[in-house]
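Okay, here's what each chain looks like letter by letter:
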Amino acid sequence: MTALVLLEVENGAVRQASRSAVAAASAFGSVDVLVLGNGAEAAAQLPGVTRVLHADALSDALAEPAAALLAEIASGYTHIVGAATAIGKNILPRLAGLLDVQPIPDVIAINDAETFVRPIYAGNALATVRSSDNIKVITIRGANFDPVASEGGKATVEAIALNAASNVTATELLSVNLSTSERPELESARVVISGGKGLKDAENFKLLEPIADKLGAAIGASRAAVDSGFAPNEMQVGQTGKIVAPELYIAVGLSGAIQHLAGMKDSRVIVAINLDPEAPIFRVADYGLTADLFTVLPELKAAL
């Protein structure tokens, strides 16, 4: 069996979520990867990758042409795998529709080549599913698979051209607005500190920044904090945001709504700071501090 992984490359490096997808795909046998745009050289260095397919013309990673291209080359593979990121969730379900197969999203464990485990009901239950499709189209949660190293491999690179079917022109990329930060990427950070609506406004949300800098942490936010304008969308942790599983997760002024817990409850150690002792976050926390965050945060900053 051979699996094909849809790879995401950012600033010349393969994203950790994609390296986790390569690790997951290795359970099916040999692994090829598809790179859209730049990054074929970085992909070729991934251990365990046999061949890099390079579609330089699809650097925009638009869903329609990318899915069409994947559909053209899918017949040579038993599994097509991607990370459960915005790009993976955009392209692979469309591919599954083109192939007339059932997509299997958010896989957290692989039992065998046909059997997978994925969360349902906002992570409150785990479903074991078996697919009889000839080609399995799956997305995996990067936090549940240890990523392969970023170098050490020697894969061959093969350029692939688009034919008429994948040369879709119905959509075009108008612009990309990227946020810049020197902090670690949220999905791959060793430590994450997240704020909720208890921080009250965007100015108070900045109280997390000096602590994050001391800990080398990424900053996250609850959906309520994002909806209230305290933090940008890319910081949202939860079922409708990013899934994280760091070594240390610090929840500040965050009640612990079910959709948020679905995105972080696999963290190794969870610390909760909340004035409400009945807040749901305390049910999953390893350490809880019932206190006023506006008192605790300055003390924590001074202690660090």
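Residues numbered from 1 in each chain as written. Predicted model: local features only at pLDDT ≥ 70, side-chain atom pairs only at ≥ 80, totals over all residues. Heavy atoms only, no water.

What follows covers the overall build of the protein chain. When you go through the protein chain residue by residue, the secondary structure sums to 10 helices and 17 strands. In terms of overall size, the protein chain behaves like a compact globule, its C-alpha atoms giving a radius of gyration of 20 Å where 304 residues would be expected to give roughly 19 Å. Overall size of the protein chain, expressed as C-alpha extent along the three principal axes, is 60 × 40 × 40 Å. Here the protein chain holds 304 residues, and 46% of them are scored as buried. Here the contacts in the protein chain between residues at least 6 apart in sequence split such that 63% fall between residues at least 24 apart. (Helix = DSSP H or I, 4+ residues; strand = E, 2+ residues; numbered from the N terminus. Rg over C-alpha atoms; globule rule 2.2 N^0.38 Å. Buried < 20%, exposed > 50% of the residue type's maximum accessible area, 1.4 Å probe, protein only. Contact = heavy atoms within 4.5 Å.)

So, about the packing of aromatic side chains. What the rule picks out here adds up to one aromatic pair. Summarising the aromatic geometry, the rings of F28 and F116 are spaced 6.2 Å apart at their centres and angled 75° between planes, so their arrangement reads as edge-to-face. In this pair, F28 sits in the loop between α1 (16–25) and β4 (30–36) while F116 sits in strand β9 (residues 115–120), placing the two residues 88 residues apart along the sequence. (Phe/Tyr/Trp six-rings, centres within 6.5 Å; stacked < 30°, edge-to-face > 60°.)

Let's shift gears to the sheet that holds strand β5 (residues 49–55). With parallel pairing, the seven strands of this open sheet are ordered in space as β7-β11-β6-β1-β4-β5-β12. Single-partner strands in this sheet number two, and they are β7 (103–107) and β12 (156–159). Neighbour-to-neighbour, the strand axes of the sheet open up by a mean angle of 25°, direction not taken into account. Note that β7 and strand β11 (residues 136–140) share three bridges and pair parallel. Looking at β11, one finds that P103 is bridged to V137. (Pairing = 2+ DSSP bridges. Axes fitted to C-alpha atoms, helices over the stretch in contact; angles between N-to-C directions.)

So, about the side chain of N274. Turning to its location among the elements, N274 is positioned in strand β16 (residues 269–274). The contact partners of N274, leaving out residues within four places of it in the chain, are G253, L254, S255, A279, F282, L289, T290 and A291.

If you check which residues of helix α6 (residues 208–215) are buried, you get L208, I211 and A212. The arc enclosing the buried residues of α6, seen along the axis, measures out at 100°, which places them on a common side. With respect to the buried face of α6, the exposed residues turned more than 90 degrees away are D213 and K214. On its buried side, α6 packs onto β13 (191–195), α5 (202–205), β14 (218–221), β15 (248–252) and α10 (293–303). Just beyond α6, the residue with positive phi is G216, at close to 65°. (Arc of directions from axis to C-beta.)

Positionally, R141 belongs in the loop between β11 and β12. You can call R141 buried: its relative accessible area is 12%. Each C-alpha atom of the pair R141 and P210 lies 29 Å from the other, and the pair is 69 residues apart in sequence. If we skip the residues at most four places from it in the chain, R141 touches A84, D106, V107, I108, P119, I243 and A262.

Take the nonpolar core next. Side chains that are nonpolar tend, in soluble globular proteins, to be buried together. Membership of the largest hydrophobic core comes to 30 residues, with the highest contact counts inside it found for V5, L7, V22, V33 and V52. Put simply, the parts of the chain that give this core at least two residues each are β1 (2–7), α1, β4, α2 (40–44), β5, β7 and β11. With five residues, α1 is the single largest residue contributor to this core. Residues in contact with V5, not counting those within four places in the same chain, are S18, A21, V22, A25, V31, D32, V33, L34 and V81. (Core = buried A, V, L, I, M, F, W, Y, C linked by side-chain atoms within 4.5 Å.)

A complete count under the given rule lists 10 salt bridges for this structure. The partner of E8 in a salt bridge is R15, and the shortest N-O contact between them spans 3.1 Å. Overall, E8 belongs to the buried group, its relative accessible area being 6%. R15 sits in the buried class, given a relative accessible area of 15%. Its salt-bridge partner being E187, residue R15 comes within 2.8 Å of it at the nearest N-O pair. With a gap of 172 residues between them, R15 in the loop between β3 (13–14) and α1 and E187 in the loop between β12 and β13 connect regions that are remote in the sequence. In this structure, a network of salt bridges that share partners links the residues E8, R15, E185 and E187. (Salt bridge = Lys/Arg side-chain N within 4 Å of Asp/Glu carboxyl O.)

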